[in-house]
Amino acid sequence: MFNATFIEICQFAMSVFAQRVLLLQGFSTRFVEEFTGSSQLDVPLVSAGAAPVAKGVLDYDHATIIDSDDHATVSVLIDQHMVNGIAFSMDDLRGVSKGYVDSVLQAKIALKMNGMADTVLQYVFGKVVAASFPGEFVVDPAAYTQKTVAIHAAALRELNFPLPGTIGVLGKDYYTALISDPSVASGVQAGLISFTNNGATMTNKDALPLSQARLPAGIGGFYAARDALAVGMQPQITLPNGMSLPPGVELETIVDPASGVVMNAYKWFNPNSGKWIINFICNFGAKACNPAALQRLKTPA
């Protein structure tokens, strides 16, 4: 079992990682705290639910409007294993033992966790291809303005996308053009547009949260409802009963209490370097699901 010093480090690492992958909450997700015994994870698809459902008084009385039995699930292969680690000297750990993670150590951990989270997001966003999601809005990035967002929001409603309930993820070119639009500054002053510090997220008056993210080559941006993509995470395989880790090696499962994001941490001491090592491991998978639940942003040919 990790002692308090290493628990502090792991909790800080998870806080950085979970914040960085917060965009995953815009899709259908299932993050489990224990290995399920299979490399496949059934992820409930959160349907757009655009069409109203007729329910009687009895249904309301028995609170069956949202019923887990009604959810479709999709099997996601947990075949991605992202690993990043950090070494700690005794000097590094002295501050942690006093109840805090000092700023230098924080910077080292944040660098590792941001890189790990970016790799996870790149893989998930890489599922956004024309073969899986044929719908597209053709727009020159230089012409992407607040007015464009309003036009797209209206078009998404016509396509039965839920607003709120749909997110926009913009590559650098589209996002740069948008925040350069003078009407965006006016909207901020009028309280119609607000920014948060979560990955440069902008929420506009059209109830369409827009986030800037580094996207794989060929993907300029997209709008997605939650059933467009399914993402699963689960810890490493647990040891069978009666088996133990080698002496000096410890394993912990770390869970973000807010989002459920999960990863493992392996800790051991390297006598050659005189340092403790922690490897953080995220096991996950993603799958393209409803082709009608995502519209790509495409640059004109």
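This text follows the structure it describes.
Residues numbered from 1 in each chain as written. Predicted model: local features only at pLDDT ≥ 70, side-chain atom pairs only at ≥ 80, totals over all residues. Heavy atoms only, no water.

(A) A look at unusual backbone geometry. With an omega of 0 degrees, the peptide bond between leucine 163 and proline 164 qualifies as cis. With respect to the helices and strands, proline 164 occurs in the loop between helix 5 (146-158) and strand 6 (166-170). You will see that asparagine 160, though not glycine, has its phi angle at about 70 degrees, which is positive. With respect to the helices and strands, the residue asparagine 160 is situated in the loop between helix 5 and strand 6. (Helix = DSSP H or I, 4+ residues; strand = E, 2+ residues; numbered from the N terminus.)

(B) Geometry of helix 5. Here helix 5 contains 13 residues, and its C-alpha end-to-end distance of 19 Å stays within 8% of the 18 Å for a straight helix at 1.5 Å per residue. Turning to helix 5, its buried residues number three or more, namely Gln146, Thr148, Val149, His152, Ala153 and Leu156. The buried residues of helix 5 occupy an angular sector of 145 degrees when the element is viewed end-on, so they sit on one face. In helix 5, the exposed residues that point more than 90 degrees away from the buried face are Lys147, Ile151 and Glu158. (Expected span 1.5 Å × (residues − 1). Buried < 20%, exposed > 50% of the residue type's maximum accessible area, 1.4 Å probe, protein only. Arc of directions from axis to C-beta.)

(C) Layout of the pattern of salt bridges. Overall, the coordinates contain 4 salt bridges when judged by the stated rule. For arginine 296, the salt bridge identified is with glutamate 136, shortest N-O distance 2.8 Å. Taken as a pair, arginine 296 in strand 15 (residues 294-298) and glutamate 136 in strand 5 (residues 136-138) lie far apart in primary sequence, 160 residues in all. With its nearest N and O atoms 2.9 Å apart, the salt bridge here joins lysine 267 to glutamate 250. Residue lysine 267 is located in strand 13 (residues 262-270), and its partner glutamate 250 is located in strand 12 (residues 250-255); the two are separated by 17 residues in the primary sequence. By the burial criterion, lysine 267 is buried, and glutamate 250 matches it. Each of Glu136, Arg296 and Lys298 takes part in a single network of salt bridges with overlapping partners. (Salt bridge = Lys/Arg side-chain N within 4 Å of Asp/Glu carboxyl O.)

Don't take any of this as a statement about function, it's just geometry.
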